[in-house]
Amino acid sequence: MPLWTYRGLKGGIKTAPWPIAALTTIPGLPEPTVESCPPGCEQCAKSCPTSAITVDQQLTLDQGACVGCNLCIEVCPSSVLVAPPRLARAVENRDDLRRRGGVEPGQPRLHPKGDARRLRKSLFVRHVDAGSCNGCESEIGALDNIYYNLHRFGIFFTPSPRFADVLLVTGPVTNPMYEPLLATYEAMPKPNYVVATGVCAISGGTNGGGDHARQGLHGLLPVDLWVPGCPPHPAVIIDALLGLMGRER
Ligand code: SF4
Ligand code: SF4
């Protein structure tokens, strides 16, 4: 028996069970609590590099723009912002990423479009990097490793949009990637899904805007799921894709 086979058998199963503990144990993006801000204090909004926080009657933190730097938590004098031990999960409604104290986020779609049974056992994903920094790609690449083992769910990446059910987009959509992205979407059989993955694809993040790029997919494509994070944790991406399949997350 080859040595690597022997070591593999001796090591046992390395794939993480699902649901994976990371979803509820790793500190996620900051969230507002029900605590009130001191009058006139806007320290968090001033410190935020992506203008993800607005303070008027109530503090709103847009997790679709938050890169998770935690500067806002550090400067807050009143513990209004915390990073709870749960990863921010994908939502169907973009507005559900705009978090306010005491309001729970929405849940992704659990009923696929068209024939609900069609996607329950397998899902094919076409990934398009529309100008990402490659942080998101690093996490997407981890999906195929032995630990996350995406294939066990019947989810596969495909190089051809003709065979894809899902268009998974990363990056803010740079000008050179605008036409290829739309062409990929048009080439997919319908009904299909669009998943905006990472802050850049949601709102432009730190890389969008200006003369060279759009600010994410809003207004470009009909997005079905918004996956927060910079980059999103692999478990959050799996969780989102399972939601599209109508399977237990
Ligand atoms: S953690 Fe998010 S909301 Fe807070 S300062 Fe950083 S980017 Fe802004
Ligand atoms: S969301 Fe963050 S990790 Fe992903 S492409 Fe944008 S800057 Fe990079």
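A few points on the structure. (Residues numbered from 1 in each chain as written. Chains lettered and ligands numbered in written order. Predicted model: local features only at pLDDT ≥ 70, side-chain atom pairs only at ≥ 80, totals over all residues. Heavy atoms only, no water.)

1. Thoughts on the pairing of strand E9 (residues 193–197)
Here comes step 1: Counting buried positions over the 5 residues of E9 gives 5, a clear majority of the element.
Here comes step 2: Where burial is concerned, the two faces of E9 agree: the one with Tyr 193, Val 195 and Thr 197 and the one with Val 194 and Ala 196 are both buried.
Here comes step 3: In the sheet, strand E8 (residues 166–170) pairs with E9 via 4 bridges, with the strands oriented parallel. Across the sheet, residue Leu 167 finds its bridge partner in E9, namely Val 194.
Here comes step 4: Between E8 and its parallel partner E9, the chain crosses via helix H6 (residues 175–187), and the hand of that crossover is right-handed. (Buried < 20%, exposed > 50% of the residue type's maximum accessible area, 1.4 Å probe, protein only. Helix = DSSP H or I, 4+ residues; strand = E, 2+ residues; numbered from the N terminus. Pairing = 2+ DSSP bridges. Right-handed = clockwise from strand over helix to strand, strands pointing away.)

2. Re the nonpolar core
Here comes step 1: If you look at the biggest cluster of nonpolar residues, it comprises 32 residues, and the most contacted ones within it are Trp 18, Ile 20, Leu 123, Ile 155, Val 166, Ile 238 and Leu 241.
Here comes step 2: Sorting the residues of this core by element identifies helix H2 (22–25), strand E6 (123–129), helix H5 (135–142), E8, E9, strand E10 (225–227) and helix H8 (234–244) as the ones contributing at least two each.
Here comes step 3: Considering each element in turn, this core owes the most residues, 8 residues, to H8.
Here comes step 4: Apart from the residues lying within four places of it in its own chain, the contact partners of Val 166 are Leu 123, Phe 124, Val 125, Arg 126, Met 188, Tyr 193, Val 195, Leu 241 and Leu 244.
Here comes step 5: Ala 164, Leu 167, Val 173 and Ala 196 belong to the second-largest nonpolar core, a separate cluster that totals 19 residues. (Core = buried A, V, L, I, M, F, W, Y, C linked by side-chain atoms within 4.5 Å. Contact = heavy atoms within 4.5 Å.)

3. Points about the pattern of salt bridges
Here comes step 1: What the rule picks out here adds up to 6 salt bridges.
Here comes step 2: Of the charged contacts in the structure, one is a salt bridge between Arg 99 and Glu 31, with a shortest N-O distance of 3.5 Å. With a gap of 68 residues between them, Arg 99 in strand E5 (residues 98–100) and Glu 31 in strand E1 (residues 31–32) connect regions that are remote in the sequence. The burial state of Arg 99 is the same as that of Glu 31; both residues are buried.
Here comes step 3: A salt bridge links Asp 95 to Arg 98; the nearest nitrogen and oxygen atoms lie 2.3 Å apart.
Here comes step 4: For Asp 95, a relative accessible area of 46% corresponds to the partly exposed category. (Salt bridge = Lys/Arg side-chain N within 4 Å of Asp/Glu carboxyl O.)

4. Describing the sheet that holds E8
Within a sheet, adjacent strands bond to each other through the backbone by hydrogen bonds, running parallel or antiparallel.
Here comes step 1: Pairing is parallel in the open sheet, where 5 strands are placed in the order E7-E6-E8-E9-E10. Edge positions in the sheet fall to strand E7 (155–157) and E10, since each of these pairs with one other strand and no more. Mean inter-strand twist for the sheet, computed between neighbouring axes without regard to direction, equals 25°.
Here comes step 2: The sheet contact formed by E9 and E10 spans 3 bridges and is parallel. Across the sheet, Val 195 pairs through a bridge with Leu 225, a residue of E10. (Axes fitted to C-alpha atoms, helices over the stretch in contact; angles between N-to-C directions.)

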